[in-house]
Amino acid sequence: MAVIDIKALAATLAASNGIAAKQDIGSVAASLGLQGQSVAVGDDCAALPDGDGYLLLAIEGFMNEFVAADPWFAGWCGVMVNISDVVAMGGRPIAVVDAVWANGETGAAPVLEGMRAAARIFGVPIVGGHTNIRTDRSQLSVAILGRAKKLLTSFDARPGDVLIAAIDHRGRYREPFNNWEAATDAPSARLRGDLEILPGIAEAGLALAAKDISQGGIVGTAIMLAECSGVGIEIDVSAIPLPAGVSLERWLATFPSFGYLLSVSPEHETEVLRRFAARNIAAATIGTVSTGSRITITDGSEHALVRDYDQKPLLRLGQGEDAA
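Residues numbered from 1 in each chain as written. Predicted model: local features only at pLDDT ≥ 70, side-chain atom pairs only at ≥ 80, totals over all residues. Heavy atoms only, no water.

The helix and strand tally for the protein chain stands at 11 helices and 15 strands. Taken over the C-alpha trace, the protein chain has a radius of gyration of 19 Å; the compact-globule value for 324 residues is 20 Å, and the two agree within 12%. If you line up the protein chain on its principal axes, its C-alpha atoms span 55 × 45 × 40 Å. Relative to its full complement of 324 residues, the protein chain shows a buried share of 49%. For the protein chain, the computed accessible surface area is about 13,600 Å², with 53% contributed by carbon and sulfur atoms. Positive and negative charge centroids in the protein chain, built from 25 and 37 side chains respectively, lie 5 Å apart. (Helix = DSSP H or I, 4+ residues; strand = E, 2+ residues; numbered from the N terminus. Rg over C-alpha atoms; globule rule 2.2 N^0.38 Å. Buried < 20%, exposed > 50% of the residue type's maximum accessible area, 1.4 Å probe, protein only. Areas by Shrake-Rupley, 256 points an atom, 1.4 Å probe, with all protein chains shown as cover. Lys, Arg positive; Asp, Glu negative; His and termini not counted. Charge placed at Lys NZ, Arg CZ, Asp CG, Glu CD.)

Rendered as structure tokens:
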């Protein structure tokens, strides 16, 4: 790995659009009066107690520019990223519904084809939705229902845990965006098997906290996990495995098709890493969880602050603010 300018990298991450966009979550949640409800707000899915487990409910919307530039992949991602949100919480997907806007049937076709392909490959049915094909702008949102026996949440990282990143490197960038896709040409059986890793970890009691790596990248996702759990996190960027030919700076801004952060007790670290390795998923311990409110990066010698959420909140949904 090339020499890392830790302070410059921290400044770049702190100013990134992917992280800044997450601030909108807190503003919208406050406007809706969501804080303090019995169902936790700020997780990858809403977890609704149901018998001996939980129903998981989530929704994703997509940038207009993305839908316009790559409509088939946008449709694919509508299904895939919702599945990822369910899996991040230790769950298994049940079904999805969609809302599609497009200029006529021709405009809608590639989005619908992408959704249909992903639903078939992942084995998760599309069971309905809403359609408007009499508009001049393509837009897409997709919602999902899942179920978990035991939860992984954004609110249960604990000081003393290690931070594990697990990302499927068997892919490529879907240019010009920082979307790393490792699924569209992968065998269906392999993808479905990979989706069982996190539910298995949850049900075996190997972790309590996890989060899907989103547009905020590894560090942005760590900030959200830390703030929701009321902890600090330090990430050793030199410990992050990189796909061949990919720079660290771009990788830290990447939204992977299969990528998770897990906060794990050291006693379970080896077994969690083993489970990902058994599926040929690149997983490594990349940091530590501590007391405090600072998210920092290091190269093993130098350290630099990316964000202190006590001083500059991102989500404003942590436990200390009456969100579960």
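A word on the nonpolar core. Within the largest apolar cluster, 55 residues are counted, with the highest numbers of intra-cluster contacts made by Trp76, Phe122, Leu140 and Phe276. With 11 residues, the top contributor of residues to this core is helix α5 (residues 71-88). Excluding anything up to four places from it in sequence, tryptophan 76 contacts Gly114, Met115, Ala117, Ala118, Ile121, Phe122, Ala183 and Thr184. Listed in part, the 44 residues of the second largest apolar core include Ala10, Leu13, Leu248 and Ile295. (Core = buried A, V, L, I, M, F, W, Y, C linked by side-chain atoms within 4.5 Å. Contact = heavy atoms within 4.5 Å.)

Turning our attention to the pairing of strand β15 (residues 303-308). Pairing of strand β14 (residues 294-298) with β15 involves five bridges; the strand directions are antiparallel. Across the sheet, residue threonine 298 finds its bridge partner in β15, namely histidine 303. (Pairing = 2+ DSSP bridges.)

Moving on, we come to the confidence of the model for the protein chain. On average, residues of the protein chain carry a pLDDT of 91, and 90% of them reach 70 or more. With pLDDT under 50 throughout, residues 318-324 is counted as low confidence; its partners more than four residues away or in other chains account for 18 contacts. (pLDDT = per-residue confidence, 0-100.)

A few words on the side chain of threonine 298. As for its position among the elements, threonine 298 is in strand β14. Side-chain polar atoms of threonine 298 contact the backbone nitrogen of glycine 300, separated by 2.9 Å. At 3.4 Å, the side chain of threonine 298 forms a polar contact with the side chain of histidine 303. Residues within four places of threonine 298 in sequence aside, it is in contact with Ile6, Glu234, Ile235, Asp236, Val237, Ser238 and His303. (Polar contact = N/O pair within 3.5 Å; in protein donor to acceptor, adjacent residues only side chain to side chain.)

Turning our eyes to something else, we now look at the pattern of salt bridges. Here the idea is simple: oppositely charged side chains can pair when their charged atoms come close. Within the structure shown, the criterion is met by 18 salt bridges. One salt bridge in this structure joins aspartate 168 and arginine 190, with 3.8 Å as the shortest N-O distance. With aspartate 168 in the loop between β6 (162-167) and β7 (172-173) and arginine 190 in helix α7 (residues 188-194), the pair connects residues that are 22 residues apart, well separated along the chain. Looking at aspartate 168, the relative accessible area reads 2%, which means it is buried. The exposure class of arginine 190 is partly exposed, given its relative accessible area of 22%. Measuring nitrogen to oxygen at the nearest pair gives 3.2 Å for the salt bridge that ties arginine 172 to aspartate 185. (Salt bridge = Lys/Arg side-chain N within 4 Å of Asp/Glu carboxyl O.)

Glancing now at the packing of aromatic side chains. Taken as a whole and judged by the stated rule, the model has eight aromatic pairs. Geometrically, the ring pair formed by tryptophan 72 and tryptophan 76 is stacked, given 5.6 Å between the ring centres and 25 degrees between the ring planes. Of this pair, tryptophan 72 and tryptophan 76 are both found in helix α5, four residues apart, which corresponds to roughly one turn of the helix. Given the relative accessible area of 26%, tryptophan 72 is considered partly exposed. The class for tryptophan 76 is buried, based on a relative accessible area of 1%. If you follow arginine 250 out to its NZ or CZ, it ends over the ring of tyrosine 173, 3.7 Å from the centre. (Phe/Tyr/Trp six-rings, centres within 6.5 Å; stacked < 30°, edge-to-face > 60°. Lys NZ or Arg CZ within 6 Å of the ring centre and 35° of its normal.)

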